[in-house]
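# Examination of the molecular architecture
The chain contents come next:
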Amino acid sequence: MELQEFKTKVLPLKDRLFRIAVHLLKSAEEAEDALQDVMVRLWDKRGQLKEYRSVEAFAVTVTKNRCFDKLKSKKHKYHLDVQELEVDSGFESPYKRLELSESMQVMIRSFQELPEQQRLLITLRDLEGYSYEEIAEQTGLQVNNIRVGLSRARKAAREAYLKVADYEQQ
Amino acid sequence: MNSNKDIEILIEKYFNGETSLEEEKQLQVFFQGEDIPAELKSYQDQFLMSETLKKVSSNNFSDDDLFAKLDAREEQSRVVVMEPKRSTVLTWTYRVAAAVALIMVGFWVGGRFSTNEEVKLMQQELATLKSQLQSSSASGRLQAVSNVSGVKKSNKEMILTLEAVMKNDPNMHVRTKAVEALVKTGSKQEVLELLSGALLEESEPAVQIAIIDALIGLDESSAIQSLEKLTEEEGVLKEVKDEAYLGIFKLKEM
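Residues numbered from 1 in each chain as written. Chains lettered and ligands numbered in written order. Predicted model: local features only at pLDDT ≥ 70, side-chain atom pairs only at ≥ 80, totals over all residues. Heavy atoms only, no water.

Let us look at the overall build of chain A. Per the secondary structure count, chain A includes 10 helices and 0 strands. Each helix and strand of chain A, ordered N terminal to C terminal, gives the series α-α-α-α-α-α-α-α-α-α. Looking at chain A residue by residue over its 170 residues, the buried ones come to 52%. Across chain A, every contact between residues at least 6 apart in sequence was considered, and the portion connecting residues at least 24 apart equals 64%. Counting every atom, chain A has about 8600 Å² of accessible surface; 47% of that belongs to carbon and sulfur. (Helix = DSSP H or I, 4+ residues; strand = E, 2+ residues; numbered from the N terminus. Buried < 20%, exposed > 50% of the residue type's maximum accessible area, 1.4 Å probe, protein only. Contact = heavy atoms within 4.5 Å. Areas by Shrake-Rupley, 256 points an atom, 1.4 Å probe, with all protein chains shown as cover.)

Attention now moves to the overall build of chain B. Scanning chain B from N- to C-terminus turns up 12 helices and 0 strands. In sequence order, the secondary structure elements of chain B are arranged as α-α-α-α-α-α-α-α-α-α-α-α. The proportion of buried residues among the 254 residues of chain B is 36%. Across chain B, the fraction of contacts at a sequence separation of at least 24, relative to all contacts at a separation of at least 6, is 55%. Here chain B displays about 15700 Å² of accessible surface, and carbon together with sulfur accounts for 55% of that area.

Here we take up unusual backbone geometry. A positive phi is found at Lys 26 of chain A, a non-glycine position, where the angle reads about 60°. Checked against the element boundaries, Lys 26 of chain A lands in the loop between α2 (14-25) and α3 (28-44). The phi angle at Asp 35 of chain B is positive, at roughly 55°, despite the residue not being glycine. Within the element layout of this structure, Asp 35 of chain B appears in the loop between α2 (21-32) and α3 (41-54). Asp 35 of chain B gets classed as exposed once you look at its relative accessible area, which sits at 74%.

Tallied over the full model, the rule gives 6 aromatic pairs over all chains. Plain terms: the ring middles of Phe 6 of chain A and Trp 43 of chain A are 5.0 Å apart, the flat faces sit at 85° to each other, and that makes the pair edge-to-face. Pair noted here: Phe 6 of chain A is in helix α1 (residues 3-9) and Trp 43 of chain A is in helix α3, with a separation of 37 residues, a long-range link. Comparing Phe 6 of chain A with Trp 43 of chain A, the two get one shared label, buried. Pairing Phe 30 of chain B with Phe 31 of chain B gives two aromatic rings, centres 5.0 Å apart and planes at 90°, and the pair type is edge-to-face. Every member of this aromatic cluster is reached through a ring pair, and the members are Tyr 14, Phe 15, Phe 30, Phe 31, Tyr 43 and Phe 47 of chain B. Looking at Arg 46 of chain A, its charged tip hangs above the ring of Trp 43 of chain A, at a distance of 3.7 Å from the centre. Above the plane of the ring of Tyr 43 of chain B lies Arg 158 of chain A, whose end atom (NZ or CZ) is 3.6 Å from the centre. (Phe/Tyr/Trp six-rings, centres within 6.5 Å; stacked < 30°, edge-to-face > 60°. Lys NZ or Arg CZ within 6 Å of the ring centre and 35° of its normal.)

As a further point, take the interface of chain B and chain A. With 44 residues of chain B in contact, the opposing surface of chain A contributes 48 residues. For the pairing of chain B and chain A, the buried interface totals around 4200 Å² over both sides, and the portion due to carbon and sulfur atoms is 58%. Our enumeration of links across chain B and chain A arrives at 3 salt bridges. A salt bridge links Glu 24 of chain B to Arg 125 of chain A; its shortest N-O distance comes to 2.9 Å. The tally of links between chain B and chain A comes to 18 residue pairs in polar contact (both at pLDDT 80 or more). Listed by contribution, the elements that provide at least two residues to the side of chain B that touches chain A are α1 (2-15), α2, α3 and α4 (63-76) of chain B. A per-element tally of the side of chain B that touches chain A places α3 of chain B first, with 11 residues. Residues belonging to the side of chain B that touches chain A are distributed by class as follows: 18 nonpolar, 14 polar and 12 charged. (Buried area = accessible area lost by both parts, 1.4 Å probe. Salt bridge = Lys/Arg side-chain N within 4 Å of Asp/Glu carboxyl O. Polar contact = N/O pair within 3.5 Å; in protein donor to acceptor, adjacent residues only side chain to side chain. Nonpolar A, V, L, I, M, F, W, Y, C, P; charged D, E, K, R; others polar.)

All right, on to the environment of Ser 226 of chain B then. Checked against the element boundaries, Ser 226 of chain B lands in helix α11 (residues 223-232). Ignoring sequence-local partners within four residues, the contact set of Ser 226 of chain B consists of Ser 196, Leu 199 and Leu 200 of chain B.

Let us now look at the packing of α2 of chain A against α3 of chain A. Residues and elements named next belong to chain A. Direction vectors running N to C along α2 and α3 enclose 130°, while the axes themselves pass 8 Å from each other. As judged from the angle between their axes, α2 and α3 are oblique. The two elements α2 and α3 meet at a crossing, and its hand is right-handed. Seen from α2, the contacting residues are Lys 14, Leu 17, Phe 18, Ala 21, Val 22 and Leu 25; seen from α3, they are Ala 28, Glu 30, Ala 31, Glu 32, Ala 34, Leu 35, Val 38 and Met 39. (Axes fitted to C-alpha atoms, helices over the stretch in contact; angles between N-to-C directions. Parallel < 35°, antiparallel > 145°, perpendicular 65-115°, else oblique. Left-handed = near helix turned anticlockwise from the far one by under 90°.)

Attention shifts here to the side chain of Thr 123 of chain A. Residues and elements named next belong to chain A. Summarising the element assignment, Thr 123 is placed in helix α8 (residues 116-127). Only 2.7 Å separates the side chain of Thr 123 from the backbone oxygen of Arg 119, close enough to count as a polar contact. In this view, Thr 123 contacts Arg 19, Ile 20, His 23, Phe 111 and Glu 128; residues no more than four positions away in its chain are not counted.

A word on helix α7 (residues 156-168) of chain B. The end-to-end C-alpha distance of α7 of chain B is 18 Å, a good match for the 18 Å that 13 residues give at a rise of 1.5 Å each. Every buried residue belonging to α7 of chain B is among Met 158, Ile 159, Thr 161, Leu 162, Glu 163, Val 165 and Met 166 of chain B, and all of these are buried. (Expected span 1.5 Å × (residues − 1).)

Right, let's get into a nonpolar patch on the surface. A cluster of nonpolar side chains, namely Trp 92, Val 96, Val 100 and Met 104 of chain B, defines an oily patch on the protein surface of about 420 Å² accessible area. Note on placement: Met 104 of chain B falls in helix α5 (residues 89-133). (Patch = residues over 30% accessible without salt bridge, like charges linked within 9 Å, V, L, I, M, F, W, Y side chains within 5 Å.)

See the structure below:
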């Protein structure tokens, strides 16, 4: 794969890959860093890309792994104040520019507080609209486990949301 | 409303991870509408969240930076293409077979190469020798002849050149060196013939002795003939004749 092909096949994925990274890392800056790394990695592996059934699935996998690695080392580094880190540094930056209603902010915060694996599933399915088969290829999970994971993630997000948002329960 | 019932069913499916992509789209579209029934209001944010989160985009990701990085990488390292791992018995057999084949090819090429290498070296040496022999100074020619190394591939031209030097060079030291060089270069039979011929033509005692020594060194009893001839020659120095007798004695004993 030469530069031209890389530009037409891999580079256009960058917005998607960025979104996946930003929702996992909860920081635009870190997501940009991760995306640079991922692109470099994909470039290094360009000789191999042809062997993957889907370049996109491979790109998502690389992105996911890169983000999980980053999260792991971050947790390791700041393991004392994970809580603070997730709540404080998380919300502000990536979503600041969007004008959000108060209740949407609560919703997003609930999503952010999900475990990373659940956040990944929601991002891949609900945001990016990948099929179960595609997600299976990207994550290495079984379709059935993906369904179960999504179900849990969606329910957990709703639960967290309802705790804060004030609706009259029927 | 009928459609509300449908939506409620879809919502339940959604929370059980059972909706298709199409159904999820339906839900999103529904909640983008106005007049969401009060009992479904609490779901709205969740179904609108996707659209909202998709708006997050990067301001600072620069393609130029990326390409600069890629260019730098391109220069510093070439791509290593790795095969995906498949470690079946068959692939291993192929690998072993390939390795063996490679080693054999290696030896074959190596063999050919070193032969070529030797021939090339020889030709180079010959060319230098010839050019240096044009030198008018005896020491230059002496140097040239002493530089002839014992490449064990006999080369006709090299031997002819050395023979010419041995017989014709005006300087006895150069002639002596040529005798030594010949011994190193030629095959036994060739050298024996040449030395025997030169022995009878040579009149300088020191060179004669060098030739006699070389003949003795060859360890070939057929050299005795020419040595005996030399002892019968007139005008040959007594010391040279003694050397020849000694040679005859040594060669006969062997």
